[in-house]
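The chain contents come next:
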Amino acid sequence: MPAFHPLLLTFLLALLPLLVGFAVNSAAPHPPTAARVSARCTRYCHYHACLHATPANSPAYYRLRPLYELSIRVLAAGGGGAAYVLANLLVFLVGIPRPTLGCCCS
Ligand SMILES: [Zn+2]
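Note that the coordinates shown come from a computational prediction; the quantities given were computed from them, not determined experimentally.

## With respect to the overall build of the chain
A count of helical and extended segments in the chain gives 5 helices and 0 strands. Moving toward the C terminus, one meets the helices and strands of the chain in the order α-α-α-α-α. Expressed as a percentage of its 106 residues, the buried residues of the chain come to 0%. Partitioning the contacts of the chain with sequence separation of at least 6, the portion at a separation of at least 24 is 26%.

## A word on helix α3 (residues 59–75)
Taking 1.5 Å per residue as the helical rise, α3 with its 17 residues ought to reach 24 Å, and the 25 Å between its terminal C-alpha atoms agrees with that figure. Arginine 65 marks where α3 bends most, by close to 40 degrees; the proline proline 66 follows one to four residues later. Burial analysis of α3 places just 0 of its 17 residues in the buried class, which makes it a mostly uncovered element.

## Remarks on the environment of proline 32
Assignment of secondary structure puts proline 32 in the loop between α1 (4–27) and α2 (43–47). Of the residues examined, proline 32 has 10 C-beta atoms within 10 Å and is grouped as exposed. Linking proline 32 and arginine 43, residues 11 residues apart in sequence, is a C-alpha distance of 7.4 Å. Not counting chain neighbours up to four residues away, the residues in contact with proline 32 comprise Asn25 and Arg43.

## Focus: the confidence of the model for the chain
Of all residues in the chain, 90% have pLDDT values of 70 or greater, and the mean over the chain is 87. At the level of individual helices and strands, the chain shows its lowest average pLDDT in helix α5 (residues 97–101), which scores 71, and its highest in α3, which scores 92.

## Description of the environment of histidine 48
Checked against the element boundaries, histidine 48 lands in the loop between α2 and α3. For histidine 48, a count of 10 C-beta atoms within 10 Å translates into the label exposed. In sequence terms histidine 48 and arginine 36 are 12 residues apart; their C-alpha atoms lie 9.8 Å from each other.

What counts and what doesn't
- Residues numbered from 1 in each chain as written.
- Predicted model: local features only at pLDDT ≥ 70, side-chain atom pairs only at ≥ 80, totals over all residues.
- Helix = DSSP H or I, 4+ residues; strand = E, 2+ residues; numbered from the N terminus.
- Buried ≥ 20, exposed ≤ 12 C-beta atoms within 10 Å, placed from the backbone.
- Contact = placed C-beta atoms within 7 Å.
- Expected span 1.5 Å × (residues − 1).
- Bend = angle between axes of the 7 residues up to and from the residue.
- pLDDT = per-residue confidence, 0-100.

And the structure:
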C-alpha cells in the first residue's frame, strides 16, 4: 500500500488542472473559443502569441516568455504529435512530481 500513495498523489495532481479548467470555463462570461477576438484573450492567444499583452499590462508575460518558448522547444526536440505529448507527460507528471513529492519508491 505505501507504493500506491505516490501514484495516487500524482493522479490527484494530474486531475487538479482539469478541475481548475472546468471551474474557470464554467464561470467564464464567454464560452471558450480558439477564434481570435480583438477585445479579449481566447485560446488563440495560447496557441499563438497574445496580442493583448503589452510590457505595461503584462510585465511577467514578457519576462517569462523566453523561458516558456525554451521549454516548448526542449519538449518538442523529440518531434511533434505523440512524442511531444509523451515528453510533456514525462516531465510534468513524472519528472517534476517525483522529486517534489520526495518519492521513495526507486
Ligand atoms: Zn490575449
